[in-house]
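# Per-entry structural report
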Amino acid sequence: MDKEKLIELLEDMSMEEKIDQLLQVCCYYYEKEGVITGPENAAGFSEEEVQNAGSVLGGGGAKLLRRIQENYMKKQPHHIPLLFMADVINGYRTIFPIPLAQGATFNPEIVEKAAAISAKESAAAGLHVTFSPMVDLVRDARWGRVMESAGEDAFLNSCFSKAMVEGYQGKGELKEKGRIAACVKHFAGYGAPIAGRDYNTVELSERTLREDYLPAYKAGVDAGSATVMTSFNTLDRVPSTGNKKLLRDILRGEMGFDGVIISDWAAIEELIHHGMAGDKKEAAALAIEAGVDIDMMTTCYCGNLKKLIEENEIDEALINEAALRILELKNRLGLFENPYKDADEAEEAELFLCEEHRKTAKDMAIESMVLLKNDNILPLQKEGQSIAFIGPHVNNKWISGVWSIFARIDENVTVEEGIRNLGIKDVNFARGCGFIDPDSGIDTFHDNQNVSEDSKNADQLLEEALQNAKRADVVVMPIGEISIQSGEASSRASIDIPKVQMDLFEKIYEVNQNIVVVLFNGRPLTIKDLSEKAKAVLEVWLPGTEGGNAIADVLFGNANPSGRLSMSFPYSVGQIPVYYSEFHTGRPYSDEQKDVKYLSKYLDIPNTPLYPFGYGLSYTDFEISQVTLDKSELQNGESLEASVTVKNAGRFTGKEVVQMYIQDKVGSVSRPVRQLKGFRKIELQPGEERKVIFTITEDMLKFYDINMNFTSESGEFTVYIGSDSRTQNKQDFVLV
Ligand code: BGC
């Protein structure tokens, strides 16, 4: 349909019908199927409102969604189909590692490929839009939702934002088979809640917001994301969902976004709790004025917009504008021609967990694993070593993260299954203890995750584990957080490994010190003691469907770990927020000045994290040559080449992530100590070497100057190239 026809259609619609288009309700209201992902008390819809809503969230499955669409279309006077949206965050049925782990791959190609697979499976399951990518910059590991982000860095986040949008949407038309629309979220700054407490206030200077937080949203918008979701938080004390400056001036005006803006779950009504609106009517007025097109899960719009127009409180044009955008999206998806799009049970059967999808899930899980420590104990020997696997995650199926809402947990491969699939003989498995401590807050939640103990009591579990450990050459301990300890509404004040598991670790350590820790988690954890004592630590995050197979491959050397941390691991929780791209301060600390008092430091812990951004080991050794520049001066409008030669000096084939950071030495405002500006993941055979060239342009040196102009300033810069954010391999150049 062309735009004129859409406008004609809009003109044919009554005001009520237009307002109906602006409402999104949960699939659960139709057939008691679908996943409820937010508080329901905000709702209170009439049956009529549910039946007339323009879009539905949280449901998936060709059969279900076809049936709902069919019933809807029978009653729809204008032949306007429903739009089906849901959270396909790290996969629909084939589940990939959580997004924080995807960030650790430092491999946008595989992330794009996984998003394309998720789109195919989702489209076959009848979905039209996914609420992904979540591109909030995250620097506080207490916040449970860091697991949904690609991490602490603006550049890395932007690369993944683009890759995911292009993966879901493709580069052609949205109506193409196997494509779904993306939704960049949560606009804006949701990743910086004070003290890491979910939904909490956000305080960011405009400069920090623009320089660090906005680029990833912009990258998603530039990549063509069809929709954007508002965030729950306030920014400069204004909640995003009622923030005209943010949505109309910055998102629509500056970034040029002309797609659909959707509120987060009940976020319009929450303007009341924020104290910005007195009632639902005021909340509706604020949100529609700010530019929110779809009201997710409240009666604010459907119950008040008509009254607001009749009372001349808002302009009717606002409704027309929002309804037209929604119709345009439905049209772009080809729903007027075919309301079912790709929904097809036969396709589902063919695509879900097919060999190709599983392979990508496994490849990505392998690429996301970060080897944090290795005292020559990994890889393990397939024969001639007796190995005891001890820890509650040994046979844990819940390894796909809380946002894998359409996953079938029994399809996930556990550690034990992975090891057995590899045919390793001299191994045994014991849980050793339960997952969580009684005071974890977890058992009060509604989730049906398996957190209960098995039939053995705690003493029996421990005894079995100790016996196994005593007899083994090596103990592998799969321990860490369970999946419902991270995600939405799962902030933690302590980010330790649950005490019950650390107690197990200590007891095992008393009888066998050859310990390899396989760490499961949705966020950086505080693991200082553990990493001192264990001989190796392999970070595996929440690795998804193929987790166990990928872990087995890495432990036994079929694959070489190549993940690099996308978020710093703090030394202790008191250090948070800790991130590499910090500022010097007026009293910078360095290790040579240990005894100087009046410096920016802690008395009891170092300034630097336990493991920094970009860090990760390999089974092989890489040597990176000195940085060379093709010239030492960069003229405006020209570019400069910085290069290194990387050599695989070890015995294994492996992938190195070559990272380029730039520091602007003097600016009209204080500049970060360094910022990631480029990275390249390359694979090298033993003995092989390759030159890696980065092009530096003036654009890369721009920032918000003292007058808030986005510009570069001439002067001295340092370029660092190395294997993590601490590298001192550098050269200076001048921007003329
Ligand atoms: C979350 C969003 C999600 C939405 C729909 C909200 O609670 O903040 O990220 O997309 O629910 O499930």
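Here, every reference points to the structure presented above.
Quick summary incoming for the structure in this document. No experiment lies behind these values; they were computed from the predicted model shown. (Residues numbered from 1 in each chain as written. Predicted model: local features only at pLDDT ≥ 70, side-chain atom pairs only at ≥ 80, totals over all residues. Heavy atoms only, no water.)

As for its placement among the helices and strands, Gln385 is situated in the loop between strand E11 (370-374) and strand E12 (387-390). Polar side-chain contacts of Gln385 include one of 2.9 Å to the backbone nitrogen of Gln381. Non-local contacts of Gln385, meaning those with residues more than four positions away in its chain, are made with Leu380, Asp426, Asp473 and Val474. (Helix = DSSP H or I, 4+ residues; strand = E, 2+ residues; numbered from the N terminus. Polar contact = N/O pair within 3.5 Å; in protein donor to acceptor, adjacent residues only side chain to side chain. Contact = heavy atoms within 4.5 Å.)

Orientation of helix H18 (residues 458-471) relative to helix H19 (residues 499-511), taken along the N-to-C sense of each, is 35 degrees, at an axis distance of 9 Å. Between H18 and H19 the crossing geometry is right-handed. Residues Leu462, Ala465, Leu466, Ala469 and Lys470 of H18 form the contact with H19, whose own contacting residues are Leu504, Lys507, Ile508 and Val511. (Axes fitted to C-alpha atoms, helices over the stretch in contact; angles between N-to-C directions. Left-handed = near helix turned anticlockwise from the far one by under 90°.)

Let us now look at the pattern of salt bridges. Using the criterion set out here, one finds 50 salt bridges in the structure. The salt bridge involving Glu206 is made with Lys245; its shortest N-O contact spans 3.8 Å. Placement of Glu206 in helix H9 (residues 206-222) and of Lys245 in helix H10 (residues 244-254) is noted, with a sequence separation of 39 residues between them. Residue Glu206 is classed as partly exposed on the basis of its relative accessible area of 36%. For Lys245, a relative accessible area of 45% gives the class partly exposed. When the shortest N-O distance is used, the salt bridge between Glu481 and Arg523 registers 2.4 Å. With Glu481 in the loop between strand E14 (474-480) and H19 and Arg523 in the loop between strand E15 (515-520) and helix H20 (528-533), this pair connects stretches of sequence that are 42 residues apart. Take Glu481: its relative accessible area is 0%, and that puts it in the buried class. Residue classification places Arg523 among the buried residues on the basis of a relative accessible area of 0%. Via salt bridges that share partners, Arg248, Arg252, Asp293, Glu321 and Arg325 belong to a single interconnected network. (Salt bridge = Lys/Arg side-chain N within 4 Å of Asp/Glu carboxyl O. Buried < 20%, exposed > 50% of the residue type's maximum accessible area, 1.4 Å probe, protein only.)

Helix length check: helix H7 (residues 108-124), at 17 residues, gives a terminal C-alpha distance of 24 Å against a target of 24 Å (1.5 Å per residue), a fit within 8%. H7 sits mainly inside the fold: 12 of its 17 residues count as buried. Within H7, the full set of buried residues consists of Pro108, Ile110, Val111, Ala114, Ala115, Ile117, Ser118, Ala119, Glu121, Ser122, Ala123 and Ala124. Turning to H7, the residues buried within the fold contact helix H5 (62-75), helix H6 (99-104), helix H8 (154-169), helix H15 (345-351), helix H16 (355-368) and strand E22 (675-684). The backbone nitrogen of Glu109 has a side-chain oxygen 3.1 Å away, supplied by the residue at the start of H7, namely Asn107. With its phi angle positive at about 90 degrees, Gly126 sits one or two positions after the end of H7. (Expected span 1.5 Å × (residues − 1).)

Attention now moves to the environment of Asn90. When you line up the elements, Asn90 lands in the loop between strand E3 (83-86) and H6. A residue is classified by how much of its surface remains accessible, and Asn90, at 1% relative accessible area, is buried. Separated by 576 residues in the primary sequence, Asn90 and Val666 place their C-alpha atoms 41 Å from one another. Contacts of Asn90, omitting those with residues within four sequence positions, involve Ile95, Phe96, Pro97, Ile98, Pro99, Gln102, Ser400, Trp403 and Ser404. From its side chain, Asn90 meets the backbone oxygen of Phe96 in a polar contact 2.8 Å long.

The next point concerns the site of the ligand. The environment of the ligand is made up of 14 residues, and the closest members are Thr37, Asp87, Arg145, His186 and Asp264. Within the contact set of the ligand, an oxygen atom lies 2.4 Å away from a side-chain nitrogen or oxygen of Asp87. The separation between an oxygen atom of the ligand and a polar side-chain atom of Asp264 is 2.5 Å. If the ligand stood free it would expose 310 Å²; the protein chains cover 100% of that surface. Considered class by class, the residues forming the shell around the ligand number 7 nonpolar, 2 polar and 5 charged. (Near = heavy atom within 4 Å. Areas by Shrake-Rupley, 256 points an atom, 1.4 Å probe, with all protein chains shown as cover. Nonpolar A, V, L, I, M, F, W, Y, C, P; charged D, E, K, R; others polar.)

Right, let's get into the pairing of E11. A regular strand places its side chains on the two faces of the sheet in alternate fashion. Burial within E11 is extensive, with 4 of its 5 residues counted as buried. Bridge analysis of E11 against strand E16 (residues 536-539) gives 4 bridges, and the strand direction is antiparallel. Across the sheet, the residue bridging to Leu371 is Leu538, located in E16. (Pairing = 2+ DSSP bridges.)

Between helix H1 (residues 3-12) and helix H14 (residues 316-332), the shortest axis-to-axis distance is 10 Å and the interhelical angle comes to 130 degrees. The angle between H1 and H14 places the two elements in the oblique class. When you trace H1 past H14, the crossing you get is right-handed. Contacts between H1 and H14 involve Lys3, Leu6, Ile7, Leu9 and Leu10 from the first element and Asn320, Ala323, Leu324, Leu327, Glu328 and Asn331 from the second. Looking at the contact of H1 with H14 residue by residue, the classes come out as 7 nonpolar, 2 polar and 2 charged. (Parallel < 35°, antiparallel > 145°, perpendicular 65-115°, else oblique.)

Moving on, we come to the sheet that holds strand E1 (residues 23-26). Taken together, the 5 strands give an open sheet; going across it, the order is E4-E3-E2-E1-E10, and neighbouring strands pair in parallel fashion. Only two strands of the sheet have a single partner each, and these edge strands are strand E4 (129-130) and strand E10 (295-296). Relative to E10, E1 is paired through 2 bridges, and the arrangement is parallel. By the bridge assignment, Gln24 is partnered in E10 with Met296.

Bringing the nonpolar core into the picture now. When a protein is soluble and globular, its nonpolar side chains tend to lie buried together. Phe187, Leu305, Ile508 and Ile527 are the most contacted members of the largest nonpolar core, which has 181 residues in total. By residue number, the principal contributor to this core is H14, which donates 8 residues. Setting aside anything within four residues of it in sequence, one finds Phe187 in contact with Leu214, Tyr217, Val228, Met229, Thr230, Ser231, Ser240, Leu246, Leu247, Ile250, Leu251 and Met255. (Core = buried A, V, L, I, M, F, W, Y, C linked by side-chain atoms within 4.5 Å.)

Looking now at the packing of aromatic side chains. Under the counting rule described, the total for this entry stands at 19 aromatic pairs. Aromatic side chains Trp143 and Tyr190 sit 4.9 Å apart centroid to centroid with 85 degrees between the ring planes, which places their arrangement in the edge-to-face category. With Trp143 in the loop between E4 and H8 and Tyr190 in the loop between strand E5 (183-187) and H9, the pair connects residues that are 47 residues apart, well separated along the chain. Its relative accessible area of 0% is what places Trp143 among the buried residues. With a centroid separation of 5.3 Å and 75 degrees between ring planes, the pair formed by Tyr580 and Tyr661 is classed as edge-to-face. A residue pair is termed long-range when its members are at least 10 positions apart, and Tyr580 in the loop between helix H21 (547-555) and strand E17 (622-624) and Tyr661 in strand E21 (residues 654-664) qualify at 81 residues. Here the aromatic residues Phe106, Phe155, Tyr580, Phe613, Tyr661 and Phe679 are joined through ring pairs into a cluster of three or more. Looking at Arg139, its charged tip hangs above the ring of Tyr579, at a distance of 4.0 Å from the centre. The ring centre of Tyr509 lies 5.3 Å from the NZ or CZ of Lys533, which sits over that ring. (Phe/Tyr/Trp six-rings, centres within 6.5 Å; stacked < 30°, edge-to-face > 60°. Lys NZ or Arg CZ within 6 Å of the ring centre and 35° of its normal.)

Looking now at H8. In this model H8 runs 22 Å from its N-terminal to its C-terminal C-alpha over 16 residues, within 8% of the 22 Å that 1.5 Å per residue would give. For H8, the tally of buried residues reaches 14 of 16 residues, placing the bulk of the element in the interior.

Our next topic: unusual backbone geometry. Residue His186 follows Lys185 across a cis peptide bond; omega there is -5 degrees. Locating His186 in the fold gives a position in strand E5. At the junction of Leu378 and Pro379, the peptide bond is cis and its omega measures out at -5 degrees in the coordinates. Assignment of secondary structure puts Pro379 in the loop between E11 and E12. Of note, the phi angle at Lys341 is positive, near 45 degrees, even though the residue is not glycine. Within the secondary structure, Lys341 is located in the loop between H14 and H15. Located in the positive-phi region is Asn376, a residue other than glycine, with phi close to 55 degrees. Locating Asn376 in the fold gives a position in the loop between E11 and E12. Accessibility expressed as a relative area gives 76% for Asn376, which makes it exposed.

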